[in-house]
Amino acid sequence: MTGSSRGIGRAIGRRLAAEGATVVVTARSHQPSPSVRDRVAAVLPGTIDETVTLIEAAGGRAIAVPADLEIAAQREQLINEVIGRTGKVDILVNNAGFADYAMVEQMSPETFERTIDHYLRIPFALTKAVIPHMHKQGGGWIVNIGSVTGLAPVRPYRDYNKTAGDVIYASCKAALHRFTQGVAAELVDSNIAVNCVGPSTAVRTPGAAQLIPDSFPTEPVEYLAETVLAMCHRPAAECTGLVAFSLHYPWTQGLPVRSLDGTSLLPPLAPPDTANPNIRPAGL
């Protein structure tokens, strides 16, 4: 589970652990990590050790393995280290992210490259590294964390699309959606399922909060975590190549959504009328 010191990654890790998974949580270090936007660094709360503590307090099992995935040697070593600690990898969740919005005219080359790193190069590298191990095991599950921004913007264009500066981020998420669908086709006969899950609206995490306008609709993270869990237990022949969204998929599939510790049932939550109409309820 990459990017699991806070936010979406932490939530998914907790939900998987509640169902009995041994979760390996990873981020750049054991310390709170700085988020750099427009060359300005701000330290965000949350560490992988805190995520481990939360999981263990709920009766689960978790292991913290730091890795700076922007460094090629560390991302190449990560899967080997996980195998060494746990013996196998059943599930890979590519969640680690970097979002530094800027209008194309104003975006620095450094931000462009880092965005590509996080949403294409790193998922590619970790997927490539884990596939041989999943072949040996006879199967596995890979889940990429997508985004509704990866879909075509609504016409006539909303003010958000005119000013948000999310074009490069959104373009990389669209590529990650297509990467998911293509790798799913390559691996279906090996019983390795590859799916993508994104918020139907947005999740107001510590890292994303400053990028989300106060008026923009958001959703509880539990619905996304439950949708990820739903992608991690069925054979590839039954469920692979989906790009699903976290309010639409549970709502249309009748999927019960539980709290992150698995102990309570949350009410069904319909997608808002403001959701992107290009979302297909059962997944793309």
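Remember, it's a predicted structure, so these values are computed and weren't measured experimentally.

1. Brief notes about the packing of helix α4 (residues 109-137) against helix α6 (residues 167-187)
- Direction vectors running N to C along α4 and α6 enclose 15°, while the axes themselves pass 9 Å from each other. It follows that α4 is roughly parallel to α6 by the angle criterion. Judged by the sense of rotation from one axis to the other, the crossing of α4 with α6 is right-handed. For the pair α4 and α6, contact is made by F112, T115, I116, Y119, L120, P123, F124, T127, I131 and H135 and by I168, Y169, C172, K173, A175, L176, F179, V183 and L187, respectively.
- In the contact of α4 with α6, the residues fall into 15 nonpolar, three polar and one charged.

2. Here we look at the pairing of strand β6 (residues 140-145)
- Of all the six residues making up β6, five are buried; the element is thus mostly covered by neighbouring parts of the structure.
- Pairing geometry for strand β5 (residues 91-94) and β6, over four bridges, is parallel. Bridge pairing in β6 places I91 opposite W141.
- In this fold, the crossover linking β5 to β6 by way of α4 has right-handed handedness.
- Pairing analysis gives six bridges linking β6 to strand β7 (residues 192-198), with the strands arranged parallel. Pairing of I142 across the sheet is with V194, part of β7.

3. Brief notes about the packing of helix α1 (residues 7-18) against helix α2 (residues 48-57)
- Relative to each other, α1 and α2 sit at 30°, their axes nearing to 10 Å. For the element pair α1 / α2, the angle class is roughly parallel. Crossing handedness for the pair α1 and α2: right-handed. Across the interface between the two elements, R10, G13, R14 and A17 of α1 pack against E50, T51, L54 and I55 of α2.

Reading the values: rules and limits
Residues numbered from 1 in each chain as written. Predicted model: local features only at pLDDT ≥ 70, side-chain atom pairs only at ≥ 80, totals over all residues. Heavy atoms only, no water. Axes fitted to C-alpha atoms, helices over the stretch in contact; angles between N-to-C directions. Helix = DSSP H or I, 4+ residues; strand = E, 2+ residues; numbered from the N terminus. Parallel < 35°, antiparallel > 145°, perpendicular 65-115°, else oblique. Left-handed = near helix turned anticlockwise from the far one by under 90°. Contact = heavy atoms within 4.5 Å. Nonpolar A, V, L, I, M, F, W, Y, C, P; charged D, E, K, R; others polar. Buried < 20%, exposed > 50% of the residue type's maximum accessible area, 1.4 Å probe, protein only. Pairing = 2+ DSSP bridges. Right-handed = clockwise from strand over helix to strand, strands pointing away.

Purely geometric numbers; function is a separate question.
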